[in-house]
Amino acid sequence: MMNSAPNDELLVYVGSYAPASSESIYVYRLHPVTGALTLQQSLSGIVNPSFLTLDPKRNRLYAVSEVGEGAGQAAAYAIRPEDGSLDFSNSVSSLGRASCYVTLDGDSTCLLAANYTSGNVVLFPIEADGRVGEAADQVQHAGSSIRADRQSEPHPHAAVIDPGDRFVFVPDLGIDRIKVYRIGREPLRLIAHGEVPVTPGSGPRHMAFHRDIPYAYVINELDSTITAFAYEAGNGSLRPVQTVSALPEGFTDSSTCADIHISPSGSYLYGSNRGHDSIVVYAINRTDGTLTYVEHTPTLGATPRNFAVTPDGRLLLAANQDTDSIVTFRVDLATGRLTPTGQTVNVSKPVCIKFA
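This one's a predicted model, so the numbers in the text were calculated from it and none came from an experiment.

Points about the overall build of the protein chain
For the protein chain, the helix and strand inventory stands at zero helices and 28 strands. Over its C-alpha atoms the protein chain spans a radius of gyration of 19 Å, differing by no more than 12% from the 21 Å that the globule rule assigns to 356 residues. If one aligns the C-alpha atoms of the protein chain with their principal axes, the spans along those axes are about 50 × 45 × 35 Å. A burial count over the protein chain gives 58% of its 356 residues as buried. Accessible surface, the protein chain: about 13,600 Å² in total, of which carbon and sulfur atoms supply 47%.

Right, dumping it as structure tokens:
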């Protein structure tokens, strides 16, 4: 297993929008007290690694390459145990355009990628040496919804494994559905299990399962809302129980939602707004899964496409895509509220943050 970093610092991996000739994946060390980020390594060679996922037990990082024309890539990197730096292993075709999300199943034997523009979800085997194998299966979404400008075709935006590692949930922004799959093992394949309709025009984007109570939360990009669902783990079904706004009351300018995370304590939910350029904070009721508003905090930059909370829940890092910055916030563990630490690093178009 990889070491965390010198002096108990955390390793932070950042993906960005950049051409293959430029640096696009960055490795930082995060000081757990000050929130300062120190650059350890930067890599070129992959176009627009817009989403990353980690297998810390096997010292591997995986990335998707988001390209508009032609197929993107799913790439594997070996993580050096002594310092967390990366070495390129291999890449294979993602079989789709605008690859925007990648994740591993529970035992890290297969990789899932969502391709936004081509509307398909692809399943890859992970080889014994950690490399990505050629695609084993793919499913093509179909349909549309009410927003002609954004929903004329399917746009899967994530592939999220439930806590029991039984089902794959794919929020599809283009068709206002959350598609549900199971992973078949022999042969490796995606098996349709069901689907969950959401409010027309909402545009479901990302999703987070609570680890302690049977609820899941979906952030909807187009209407800037967050929906709480009761989750039945036995049959993989979702039942909506509440929808709240991600924007403050009275805000009328253009804004879209992006990312969503639950605090490690399970007490708070965070969502990002691009346009309002903020993190919204909600408290989670552990009895019925409902959300109670806490605050909005400006991200001190433009277009927070992605953010991440440290494993101890004490810091939040916001990636401001259009102002080329990552800003560190301190989290009040008692209230969930955010306060800037004063620590900021400049990095070109950051769009994904992952902690080792």
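Side note on the pattern of salt bridges
In total, this model carries 14 salt bridges according to the counting rule given. For Arg147, the salt bridge identified is with Asp149, shortest N-O distance 2.8 Å. With relative accessibility at 29%, the residue Arg147 sits in the partly exposed group. In this structure Asp149 comes out as exposed when scored by relative accessible area, which is 56%. Among the ionic pairs, Glu195 bridges to Arg177, the shortest N-O distance being 3.1 Å. Residue Glu195 is located in strand β15 (residues 188-197), and its partner Arg177 is located in strand β14 (residues 177-185); the two are separated by 18 residues in the primary sequence.

Some points on the pairing of strand β24 (residues 304-309)
Extensive coverage of β24 is indicated by the burial of six of its six residues. The turn linking β24 back onto strand β25 (residues 315-320) is made up of five residues, and Gly313 within it adopts a positive phi angle of 80°.

With respect to unusual backbone geometry
The residue after Glu186, namely Pro187, is reached through a cis peptide bond having omega 5°. Note on placement: Pro187 falls in the loop between β14 and β15. Although it is not a glycine, Leu95 sits at a positive phi angle of roughly 60°. Looking at the secondary structure, you find Leu95 in the loop between β7 (86-93) and β8 (99-104). If you check the backbone angles, Asp277 has positive phi at about 55° while not being a glycine. Looking at where Asp277 falls in the secondary structure, it is placed in the loop between β21 (268-274) and β22 (278-284). Accessibility expressed as a relative area gives 18% for Asp277, which makes it buried.

Considerations on the environment of Thr243
Inspection of the secondary structure assignment puts Thr243 in strand β19 (residues 237-245). In the structure, Thr243 is positioned 69 residues away from Asp312 in sequence and 28 Å away in space, judged by C-alpha atoms. If we ignore the near neighbours within four places in the chain, the residues touching Thr243 are Thr225, Ile226 and Thr227.

Quick look at the packing of aromatic side chains
For the structure shown, the criterion picks out seven aromatic pairs. Seen from their ring centres, Phe209 and Tyr231 are 5.0 Å apart, and the 65° between their planes marks the pair as edge-to-face. Within this pair, whereas Phe209 is found in strand β16 (residues 204-209), its partner Tyr231 is found in strand β18 (residues 225-232), the two being separated by 22 residues in sequence. Taken as a pair, Phe209 and Tyr231 share a single burial class, namely buried. An aromatic cluster of three or more residues is present, and its members are Phe169, Phe209 and Tyr231.

Let's talk about the environment of Leu123
As for its position among the elements, Leu123 is in strand β10 (residues 120-125). The spatial distance from the C-alpha of Leu123 to the C-alpha of Gln138 is 6.0 Å, given a sequence separation of 15 residues. Apart from residues no more than four positions distant in its own chain, Leu123 is found in contact with Cys110, Leu111, Leu112, Ala135, Ala136, Asp137, Ile183, Leu188, Arg189 and Leu190.

Looking at the sheet that holds strand β2 (residues 25-30)
A sheet is described by the order of its strands in space; here four strands give the open sequence β3-β2-β1-β28, paired in antiparallel fashion. A single partner strand is all that each edge strand has here, and the edge strands are β3 (37-43) and β28 (350-355). Averaged over all pairs of adjacent strands, the angle between their axes in this sheet comes to 25°, without regard to strand direction. In the sheet, strand β1 (residues 10-16) pairs with β28 via five bridges, with the strands oriented antiparallel. Across the sheet, the residue bridging to Val12 is Phe355, located in β28.

As for the pairing of strand β4 (residues 49-55)
Successive side chains on a regular strand alternate, one facing one side of the sheet and the next facing the other. Of all seven residues in β4, seven are buried, a share of seventy percent or more. Both β4 and strand β5 (residues 60-65) contribute to a ladder of six bridges, which runs antiparallel. By the bridge assignment, Leu52 is partnered in β5 with Ala63. Hairpin connection from β4 to β5: four residues lie between these consecutive antiparallel strands, with Asn59 at a positive phi of about 55°.

A word on the sheet that holds β18
Taken together, the four strands give an open sheet; going across it, the order is β16-β17-β18-β19, and neighbouring strands pair in antiparallel fashion. Here the strands that pair on one side only, and so sit at the sheet edges, are β16 and β19. Averaged over all adjacent pairs, the angle separating strand axes in this sheet is 25°, with direction ignored. In this sheet, β19 lies alongside β18 in antiparallel orientation, the contact comprising eight bridges. By the bridge assignment for β19, Ile226 is matched with Val244.

Basis of the calculations
- Residues numbered from 1 in each chain as written.
- Predicted model: local features only at pLDDT ≥ 70, side-chain atom pairs only at ≥ 80, totals over all residues.
- Heavy atoms only, no water.
- Helix = DSSP H or I, 4+ residues; strand = E, 2+ residues; numbered from the N terminus.
- Rg over C-alpha atoms; globule rule 2.2 N^0.38 Å.
- Buried < 20%, exposed > 50% of the residue type's maximum accessible area, 1.4 Å probe, protein only.
- Areas by Shrake-Rupley, 256 points an atom, 1.4 Å probe, with all protein chains shown as cover.
- Salt bridge = Lys/Arg side-chain N within 4 Å of Asp/Glu carboxyl O.
- Pairing = 2+ DSSP bridges.
- Contact = heavy atoms within 4.5 Å.
- Phe/Tyr/Trp six-rings, centres within 6.5 Å; stacked < 30°, edge-to-face > 60°.
- Axes fitted to C-alpha atoms, helices over the stretch in contact; angles between N-to-C directions.

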